[in-house]
Amino acid sequence: MAKRVRLDPLGQETNVKTNDHLLSALLKNELTVLSECGGRGMCATCHIFIKEGMEQLSPISRREQRTLGAITSRNTGSRLACQSKVLGEGVVVELPTGMYLGDIDEIESLVGRRAEENILHPLDGRVLVEEGKLITRSMISQLEVTRSDVSTHLANSKLV
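Note that the structure is predicted; figures quoted are calculated from it, not measured.

1. Considering the sheet that holds strand E2 (residues 12-17)
If you walk across this open sheet you meet the 5 strands as E2-E1-E5-E3-E4, and the pairing is mixed. With one partner strand each, in any of the chains shown, E2 and strand E4 (78-80) form the two edges of the open sheet. Strand-to-strand twist of the sheet, defined as the mean angle between neighbouring strand axes without regard to direction, takes the value 40°. Here 3 bridges tie strand E3 (residues 47-52) to E4, and the two strands are oriented antiparallel to one another. What sits directly across from Ile48, in E4, is Arg79. Of the strands in this sheet, E3 and E4 touch helix H2 (residues 62-70), which is tilted by about 120° from E4.

2. As for the nonpolar core
Membership of the largest hydrophobic core comes to 21 residues, with the highest contact counts inside it found for Val5, Leu22, Ile48, Ile50, Ala81, Val91 and Val93. Secondary-structure elements contributing two or more residues to this core are strand E1 (2-8), helix H1 (22-28), E3 and strand E5 (91-94). Each residue touching Leu22, except ones within four places of it in the same chain, is listed here: Val5, Ile48, Ile50, Leu57, Ala81, Ser84, Val86, Val91 and Val93.

3. Here we look at the pairing of E2
Pairing geometry for E1 and E2, over 6 bridges, is antiparallel. Bridge pairing in E2 links Lys3 to Val16. Between the end of E1 and the start of E2, which pair antiparallel, lie 3 residues, with Gly11 showing a positive phi angle near 75°.

4. Here's the deal with the state of the cysteines
Linking two cysteines covalently through their sulfur atoms gives a disulfide. Overall, the coordinates contain 0 disulfides when judged by the stated rule. There is no disulfide at Cys43, and the cysteine sulfur nearest it, in Cys37, is 3.8 Å away. The thiol of Cys82 is not disulfide-bonded; the next cysteine sulfur, from Cys46, is found 3.6 Å away. Cys82 sits in the buried class, given a relative accessible area of 5%.

5. Section: the pairing of E3
Here 3 bridges tie E3 to E5, and the two strands are oriented antiparallel to one another. Bridging across to E5, Phe49 finds its partner in Glu94.

Calculation criteria
Residues numbered from 1 in each chain as written. Predicted model: local features only at pLDDT ≥ 70, side-chain atom pairs only at ≥ 80, totals over all residues. Heavy atoms only, no water. Pairing = 2+ DSSP bridges. Helix = DSSP H or I, 4+ residues; strand = E, 2+ residues; numbered from the N terminus. Axes fitted to C-alpha atoms, helices over the stretch in contact; angles between N-to-C directions. Contact = heavy atoms within 4.5 Å. Core = buried A, V, L, I, M, F, W, Y, C linked by side-chain atoms within 4.5 Å. Buried < 20%, exposed > 50% of the residue type's maximum accessible area, 1.4 Å probe, protein only. Disulfide = S-S within 2.5 Å.

Okay, structure coming up:
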């Protein structure tokens with residue numbers, strides 16, 4: 001049976017099958033969620049805030065707890081959408097503002113432009129480039145190194 005979930009600040013409501021992850025609700029509503037780690041709870045790209053209904057979700061696993069511990073923008077309502085199964089009604093999800101680095105297809109094209117929104121680190125959610133800041137060639141080099149480090153981290157975690 002489907003459960004109703006509200007997505008804020010969009011004001012959208014969507015149905016999620018009981019025991020399905022919140023990630024499916026986000027993807028179904030065509031929201032930009034990377035799931036860089038493939039839904040294994042090892043990155044920050046599906047980090048969300050639960051405004052209401054935390055008790056209507058599956059408990060936090062040790063893996064999710066460990067990943068949440070690394071996310072700099074986490075709070076008491078933080079969850080990973082890929083790990084949060086919907087068990088009951090009344091869940092209200094708030095999406096963090098910003099764009100994750102992995103969502104940028106052509107990093108080089110950003111040089112000389114201002115960041116339209118915060119650019120976030122895919123593993124810990126920290127702000128790499130603040131909204132409104134001019135993106136320089138040195139920032140691009142750092143972003144490319146970060147992207148490479150993330151790929152290496154995720155590849156190594158598959159071996160574990």
